[in-house]
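# Notes for the structure review
Here's the letter readout for the chains.
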Amino acid sequence: MSKFQQFEDAEQDGYLKIDQYNEKNVERIAEHYIDILDAIGEDPKREGLIKTPERVAKALQFLTHGYGIDASEVLRSAMFQEEYSQMVVVKDIEVYSMCEHHMLPFFGKAHIAYIPNGHIVGLSKIPRVVDIFARRLQVQERLTNEIRDCIQDTLKPAGVAVVIECKHMCMAMRGVQKQNSVTTTSAFTGAFQNDVTRSEFLRLITASLD
């Protein structure tokens, strides 16, 4: 995350705490949250809220740190020539993002597959790409397409498949208040536009290893 500087690196409570954020932006965002707390009827000087604006500012920088990272570069850092041409599936990738309409969380799982065409990629880089695009203000539909396009444009595979299933707090906590609804989006390129290949992918992501 080149746009952020490392601010803390200290052993606390038995684990290594590493916070990376832009100190000037923390101060700027925190000042606005003091006004927000006052506007909703709270006392920003109350003991429990004194450090809240700073905490929120740091949290927002973490939750949106994807703006500072090039997802294509992440993939290119672990591309390898390989004559494997069968489907590669990484499923049940945890997704945490924030909707751009209400800035409330949505979360769930992503299932991704690609068919190599001369190159494979280190498996950890696929969840990393998901995180990079999820750590921005998002809508699930665009998130799905961005992940698909990044993998397709960078690896040039024979096809890419992306399915994302999420619960949205803007639906559960407010508005329609439907706590159990799940939104599913999908995007396909190349070979996955074929019914047989797409069906195999959908079967694999719903299958159990037990």
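Please read these numbers as outputs of a predicted model, since none were measured by experiment.

### Focus on helix α2 (residues 52-63)
With 12 residues, α2 should reach 16 Å at 1.5 Å per residue; the first-to-last C-alpha distance of 16 Å fits that figure. All of the buried residues in α2 are T52, P53, A57, L60 and Q61.

### Considerations on the pairing of strand β8 (residues 159-168)
Within β8, 8 of the 10 residues are buried, leaving the element largely enclosed by the surrounding structure. Relative to β8, strand β5 (residues 105-115) runs antiparallel, the two being bridged by 10 bridges. Counterpart to A110 in the pairing with β8 is I164.

### Thoughts on the packing of helix α1 (residues 23-39) against α2
Their axes nearest at 8 Å, the elements α1 and α2 cross at an angle of 125 degrees. With respect to α2, the axis of α1 lies oblique. Relative to α2, the crossing made by α1 is right-handed. For the pair formed by α1 and α2, the contact residues are N25, V26, I29, A30, Y33, I34 and L37 on the first element and P53, E54, V56, A57, K58, L60 and Q61 on the second. Its residues placed into classes, the contact of α1 with α2 shows 10 nonpolar, 2 polar and 2 charged.

### Overview of the environment of T206
Considering the arrangement of structural elements, one finds T206 in helix α7 (residues 195-206). With a relative accessible area of 65%, T206 lands in the exposed category. A C-alpha to C-alpha distance of 47 Å links T206 and D35, two positions 171 residues apart in sequence. From its side chain, T206 meets the backbone oxygen of L202 in a polar contact 3.0 Å long.

Rules used in this analysis
- Residues numbered from 1 in each chain as written.
- Predicted model: local features only at pLDDT ≥ 70, side-chain atom pairs only at ≥ 80, totals over all residues.
- Heavy atoms only, no water.
- Helix = DSSP H or I, 4+ residues; strand = E, 2+ residues; numbered from the N terminus.
- Expected span 1.5 Å × (residues − 1).
- Buried < 20%, exposed > 50% of the residue type's maximum accessible area, 1.4 Å probe, protein only.
- Pairing = 2+ DSSP bridges.
- Axes fitted to C-alpha atoms, helices over the stretch in contact; angles between N-to-C directions.
- Parallel < 35°, antiparallel > 145°, perpendicular 65-115°, else oblique.
- Left-handed = near helix turned anticlockwise from the far one by under 90°.
- Contact = heavy atoms within 4.5 Å.
- Nonpolar A, V, L, I, M, F, W, Y, C, P; charged D, E, K, R; others polar.
- Polar contact = N/O pair within 3.5 Å; in protein donor to acceptor, adjacent residues only side chain to side chain.

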